[in-house]
Amino acid sequence: MSDLEMVKKVLRAVLQSNKNGVSLSRLQAEYRSLTGDFIPHKQMGYPTMEAFLRTVPSVVRMEHSRMGEVLCFATVCKETAHIAQLVARQRSSKRAGRFQLVNCQMRVKPVTPFMLNAKPRTSLRQPDHVGRGGKAVTHLPAMGGRLGGIGDHRQVSTWDTLPGGRVSVSPQVRSPNTQANKSPVSCERPDKRLTLPSRFQKEVHAHLSRNSQQSIAVSNQKENIIAGQLRPHAQSAYNAQVVQSRLKEVLKKYSNGFWVSKLPQLYRELYKQDLPADALRELEHWSHICTVEKPCSGNPSERLLYPCKALPLPLPLARPKPRPPSLVSAPLLPTPAFPPPALKPPATSLAPDVRQKVTELLGKYASGLWAHALPKLFQDAYKAKFPEHVLGNLALLADICTVEYPMPDNTRKAILYAHAAEAPTPPPPPRGQEEAGRRLGSQAVPPLVIPKEEYPSVLVVEAGSTNSVVLRYIGEGYSQAQEALEDEMREFYTQDGSRKALLSPATGQLAAVRAEEEEEVLRAQVCEVTADKVKVYYVDHGFSEVIGKSKLLELHQKFFRLPFQAARCKLAGLEPFCQEAAVLKRFESLACGRILLAEVLERDETPLLVLYDTSQDDDVNINAACLKALQNHTLGNALQATSTYTNVSVTNVCSDGTIFCQLPSAGQTKLSDILEKTEAYFLSQVTSEFLVSRPFCGKCCLARYKGKWSRVEITNLHGSRVLDIQFVDLGVPASVEVIELREVPPLYLRELTAIPPQAIKCCLADLSVSVGSWTPDAVLWLRDAVLNSTDCIMKVARLDEAKGLVHIYLFTSRGARDPQRSVNLQMADADLWKHQSDVFLSSRAPPRAPPSPPSPAPAPAPPWRDLYKLVVLMGEMILFYNRMEGQPVGVEKNHVYAAKVDNNWHRVLVKGVLTNGLVSVYELDYGKHELVSCTQLRPLINEFRQLPFQGITAQLAGVKPRQWSEEASIVFRNHVEKKPLVAQVESVQEAAQAWDRKVAVYLVDTSQEDNDVWVHDIMTEFADEQSKAS
């Protein structure tokens, strides 16, 4: 029996034993439980499991469940009909149509490493008394008991992380009481399995289970710490003059400003009275007392209060944008004091039309715009010269934007931020809706809230349009809550007294519906009512069905508590083609019934998403794949094996040995013609509507290459201002600022979308060295030989469609198809491939001492106040180093360089050199050790050395030095990694070099409203309980 026949036989046995079918995501597990092996679909030549199953219809029948999931059933034939009948009579413990398994193997899409998914509290508390066991702690008076408590902050997000700011540490902060009376933990681990304390078992086991499923754990992405809110006070008459005089005293004490939400507390502690609520509402009108600033937030309580200063300028001074409190006290990282340059009084006023146009440009870039980029952007958009005197006196723009200087050594580099617009007040519901609600009774169902994660998992149900895709969110509070609700409904409606038929259904009414299997009871909304039939929409599953009236039951009030789980979204980049049949067909094959990862771009009522399939080896951008369905392949190059092509242009030679070529084609001619028309169209338009304001991975737009507009695709984002692109018709990668991109004009969008990419990805055939293992000498030799040549000849050896790679023999014009003169043979015979042996040059430095036991777990602790400066710096490094040609660098140990690690440029210290060209480096801003090629190192220029290195080697104070167990390390990491914490410095160990300094700190988590969590208390308690348990 062949392998295929054996697989089909076992597969049929698996499916026949499940009368309700097996979900596609569970099929491999069911098959393995029976045979001990997975279905070898790749060995049989099929890229996916679904592709293989569709080739064996005699064994498998695939259907979509009500929830949109793909279910597999055994195909019934004469030989197996009696088995199917026996199985059908069995009572199943599983409920048909229910989603049973969530894909836990799904990777989290990696985000930019220097972007934190957290929002610091408005004030990070510094308590004076250590609470044990989660007890509340007593706080010091606000005058001296808060570390950075009266500071300002900016909201931090994955797309625009710009924290930073001032902090003052009061000398009245007392050190916490350390628990010195606890018994130490033995450094030796027992041979028997360790029994964990019950309090910590859940988080340790959860951590270990996550790590067993994922090779790289991305943790703590849901840390969104809620800012303090304004306490309501009763309205009453008050003496405004007294309150104003007291407010002056408070502002004099806190001249750097503070949050309005903290004013009532300060007022109460200073004057033993509550601040009148009317005074809070009138603060903005007391311009002679204070200045109220609204940062970029829709929360009215998030306002900043500054003392009013007598200014000689007719316009207010531009003040740096608010930033969050620092996590480490100022003496640790002495940022050079650098006040922003004094803004000169405006000699002339700014013209109203210029002011309006600048406001429009700034509105396009919510993450800020470099001031030096304003003239060119203004010229491109409005075909007019920008007034040069404005850059020398940014006070002229102070009423329409905020000015910030992120680089302390460069006064010419300022970032302009548009002032936040007032959030519009939502209109009241129409009167008709209110009356309908009263007619249908109390059916208040809370709205569905979009998950806080930037990349939630979703189950795609169906799509009649890419502007209205039906999906369900997966996870706690969503799919899990829905399953619990339906379990409760099934149990509730099995009771005789609870089955009340809905005798007079009305359109829009909520009801409970018994499913065909008589086991499921689902929530539904009545859409249409006829004589004996009713069309209902299942509000948790996202599809409609016509059923008999007898299946309708009254929905009990307690089942209104969960929001409807079926949600609708829009797919970014597909808006102009939302109804195209080819796009919808491609989307159905790639997404419907699958669990995908969703990137949330806009959190509106109908959110804007980018979907990713991360179940395969390579992530698939669903939006980009659907857009490719519109391509007209007759405008591309249909390559065939053994065919020869002339007039080939080599547009790029990559460092891994791949080559991009262009061939003459109808698409190339049409593309050139459309791009010329686009150039003329841009010159004739006076508007800013073509500026790209919302970039995302997979987006297609235009950028200039050698002075001409070319098609590009965004491949990676570094924050919200700097991004990586690929010129799709040249195969050339680049890093640019978002201001350099333009939207494709709607007039030419459909034509440009239909033309396939004109760059063909190739590699040289019959070389002993595979792609990715090329030496720098080989890459340079090939570039000198063929790059930018337009008259090459190539012969196709074979096509690798799975990798999208063409193996070719390449000839220059001088080679003229002579096999002995092919570029392939010349490179094979040249001495270009020698790698030296892998030996660590330990003789260059004294042997390293063995690492001392952690006491405990030293970890880099970057201060929050300078993180936004680091983001700006790394963006500038990406633009600078990605645009310069790679030049050999003499690498020396213990010297500082710039190194490219995972598409980002970092400031690194060289720790060691390998003779095979690899270098061991230490990231000075993040405290990570990496191994990179010496070709990825560049000299760190002085401009990028001004910001102090942000990584500090820190040690947790308040615990006894001991060897930590693996479980203790897990608990520690769960409580500190990627969280905004308060650090109280216990001691500083100075050193000659900044990266050799060490600090001992107490770490405090102040994310809870009324309780501060001291991390050293947790670790001491864990060690004590662990000792008792062992």
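Keep in mind that this is a model prediction, so the values were computed, not measured. (Residues numbered from 1 in each chain as written. Predicted model: local features only at pLDDT ≥ 70, side-chain atom pairs only at ≥ 80, totals over all residues. Heavy atoms only, no water.)

J.: Sorry if this is basic, but what is going on with the confidence of the model for the protein here?
T.: Close inspection of predicted coordinates is inappropriate for parts of the model with low pLDDT. For the protein, per-residue confidence averages 75 on the pLDDT scale, and residues scoring 70 or more make up 71% of the total. Of all helices and strands in the protein, the one with the weakest mean pLDDT is helix α12 (residues 431–439) (41), whereas helix α15 (residues 622–627) scores best (96). Taken together, the stretch residues 212–236 has pLDDT below 50 and engages in 53 contacts with residues farther than four places along the chain or on a different chain. (pLDDT = per-residue confidence, 0-100. Helix = DSSP H or I, 4+ residues; strand = E, 2+ residues; numbered from the N terminus. Contact = heavy atoms within 4.5 Å.)

J.: Which parts of the structure should I look at to understand the packing of aromatic side chains?
T.: By convention here, two paired aromatic rings are described through the distance between centres and the angle between planes. Inspection of every chain in the model, using the stated rule, returns 21 aromatic pairs. A centroid spacing of 5.4 Å and a plane angle of 65° characterise the contact between phenylalanine 682 and tryptophan 709, whose relative ring orientation is edge-to-face. Note that phenylalanine 682 is positioned in helix α16 (residues 666–684) and tryptophan 709 in strand β24 (residues 708–718), a separation of 27 residues in sequence. Pair check on accessibility: phenylalanine 682 and tryptophan 709 agree, each one buried. Arranged with centres 5.1 Å apart and planes meeting at 70°, the rings of tryptophan 964 and phenylalanine 972 form a pair that is edge-to-face. Classification of tryptophan 964 by relative accessible area gives buried; the value is 11%. A relative accessible area of 7% means that phenylalanine 972 is categorised as buried. Pairwise contacts between aromatic rings join Tyr681, Phe682, Phe690, Trp709 and Tyr748 into one cluster. When the ring centre of tryptophan 370 is taken as reference, the NZ or CZ atom of lysine 413 above it lies at 5.5 Å. (Phe/Tyr/Trp six-rings, centres within 6.5 Å; stacked < 30°, edge-to-face > 60°. Buried < 20%, exposed > 50% of the residue type's maximum accessible area, 1.4 Å probe, protein only. Lys NZ or Arg CZ within 6 Å of the ring centre and 35° of its normal.)

J.: I'm lost on helix α18 (residues 776–786) in this one. Help?
T.: Because each turn of an α-helix spans 3.6 residues, side chains separated by three or four positions in sequence point in the same direction. Within the span of α18, buried status applies to Ala778, Val779, Leu782 and Val786. Axial view of α18: buried residues confined to an arc of 100°, hence all on one face. In this structure, α18 carries Asp777 and Asp784 as exposed residues pointing more than 90 degrees from its buried face. Buried residues along α18 sit against β21 (644–653), β22 (659–662), β27 (759–764), β29 (805–811) and α19 (823–829). (Arc of directions from axis to C-beta.)

J.: Explanation requested: the side chain of aspartate 800 in the structure shown.
T.: Here aspartate 800 is to be found in strand β28 (residues 792–800). We note that aspartate 800 is buried and unpaired, the nearest opposite charge coming from lysine 803 at a distance of 4.5 Å. Once residues lying within four places of it in the same chain are set aside, the contact partners of aspartate 800 are Leu805 and His807. (Lys, Arg positive; Asp, Glu negative; His and termini not counted. Salt bridge = Lys/Arg side-chain N within 4 Å of Asp/Glu carboxyl O.)

J.: What is the right way to look at the sheet that holds strand β4 (residues 258–259) in this model?
T.: The strand order across the open sheet built from three strands is β4-β6-β5, with neighbouring strands paired in antiparallel fashion. Looking along the sheet, the strands with just one partner apiece sit at the ends: β4 and β5 (290–293). In this sheet, strand β6 (residues 304–307) lies alongside β5 in antiparallel orientation, the contact comprising four bridges. Residue glutamate 293 lies in a different strand from β6, and its bridge partner there is leucine 304. Relative to the sheet, helix α6 (residues 240–253) contacts β4, β5 and β6, its axis offset from that of β6 by approximately 90°. (Pairing = 2+ DSSP bridges. Axes fitted to C-alpha atoms, helices over the stretch in contact; angles between N-to-C directions.)

J.: Can you help me understand the nonpolar core in this one?
T.: Here is a general trend for soluble globular proteins: nonpolar side chains tend to be buried in one another's company. Membership of the largest hydrophobic core comes to 55 residues, with the highest contact counts inside it found for Val358, Leu397, Leu416, Ile725 and Leu741. Of all the elements, helix α10 (residues 374–382) adds the most residues to this core, at five residues. Beyond its immediate sequence surroundings of up to four residues, leucine 397 is in contact with Leu350, Val358, Leu374, Val390 and Leu416. Trp774, Val779, Met794 and Trp833 belong to the second-largest nonpolar core, a separate cluster that totals 28 residues. (Core = buried A, V, L, I, M, F, W, Y, C linked by side-chain atoms within 4.5 Å.)

J.: Is there a simple way to think about the pairing of strand β19 (residues 608–613) in this case?
T.: As a general feature of sheets, a regular strand has side chains that alternate between the two faces. Across the six residues that make up β19, a large majority, six, are buried. Inspection of the sheet shows strand β17 (residues 567–571) paired to β19 by two bridges, in the parallel sense. Paired with leucine 571 across the two strands is leucine 609, which belongs to β19. Looking at chain direction, strand β18 (residues 595–602) and β19 are connected through five bridges and run antiparallel. The residue of β19 that forms the bridge with leucine 597 is tyrosine 612. The antiparallel hairpin formed by β18 and β19 contains five residues in its connecting segment. Note that β19 and strand β20 (residues 620–621) share two bridges and pair antiparallel. Its bridge partner lying in β20, tyrosine 612 is registered against asparagine 621. Counting the residues that bridge the hairpin from β19 to β20 gives six residues.

J.: Would you mind going over the state of the cysteines with me for this structure?
T.: Note on terminology: disulfide describes a covalent bond linking the sulfur atoms of two cysteines. Summed over all chains, the structure comprises zero disulfides. The thiol of cysteine 592 is not disulfide-bonded; the next cysteine sulfur, from cysteine 626, is found 9.3 Å away. (Disulfide = S-S within 2.5 Å.)

J.: In this structure, what is going on with the sheet that holds β27? I would like to understand it.
T.: Two pairing modes exist for strands in a sheet, parallel and antiparallel, and in both the strands are linked by backbone hydrogen bonds. The strand order around the closed barrel formed by five strands is β21-β22-β27-β29-β28, and the pairing between neighbours is mixed. Ignoring strand direction, the axes of neighbouring strands in this sheet form an average angle of 55°. Pairing of β21 with β22, which is carried by four bridges, proceeds in the antiparallel orientation. Residue pairing across strands places serine 649 opposite glutamine 662, the latter belonging to β22.

J.: Help me out: how do you make sense of helix α7 (residues 263–271) in this one?
T.: Along α7, the residues that are buried comprise Leu263, Pro264, Leu266, Tyr267 and Tyr271. All buried residues of α7 project into a common sector of 165° when viewed along the axis, lining one side. Contacts made by the buried residues of α7 are with α6, β4, α8 (277–281) and β6. Positive backbone phi, at 55°, marks lysine 272, one or two positions downstream of α7.

J.: Got a minute to help me understand the pairing of strand β14 (residues 533–538) in this structure?
T.: Pairing geometry for strand β13 (residues 521–529) and β14, over five bridges, is antiparallel. Paired with valine 526 across the two strands is valine 536, which belongs to β14. In sequence, β13 turns back onto β14 through a hairpin of three residues. Both β14 and strand β15 (residues 543–548) contribute to a ladder of six bridges, which runs antiparallel. Looking at β15, one finds that tyrosine 537 is bridged to serine 544. The loop that links β14 with its antiparallel partner β15 comprises four residues; one of these, glycine 542, has a positive phi angle of about 85°.

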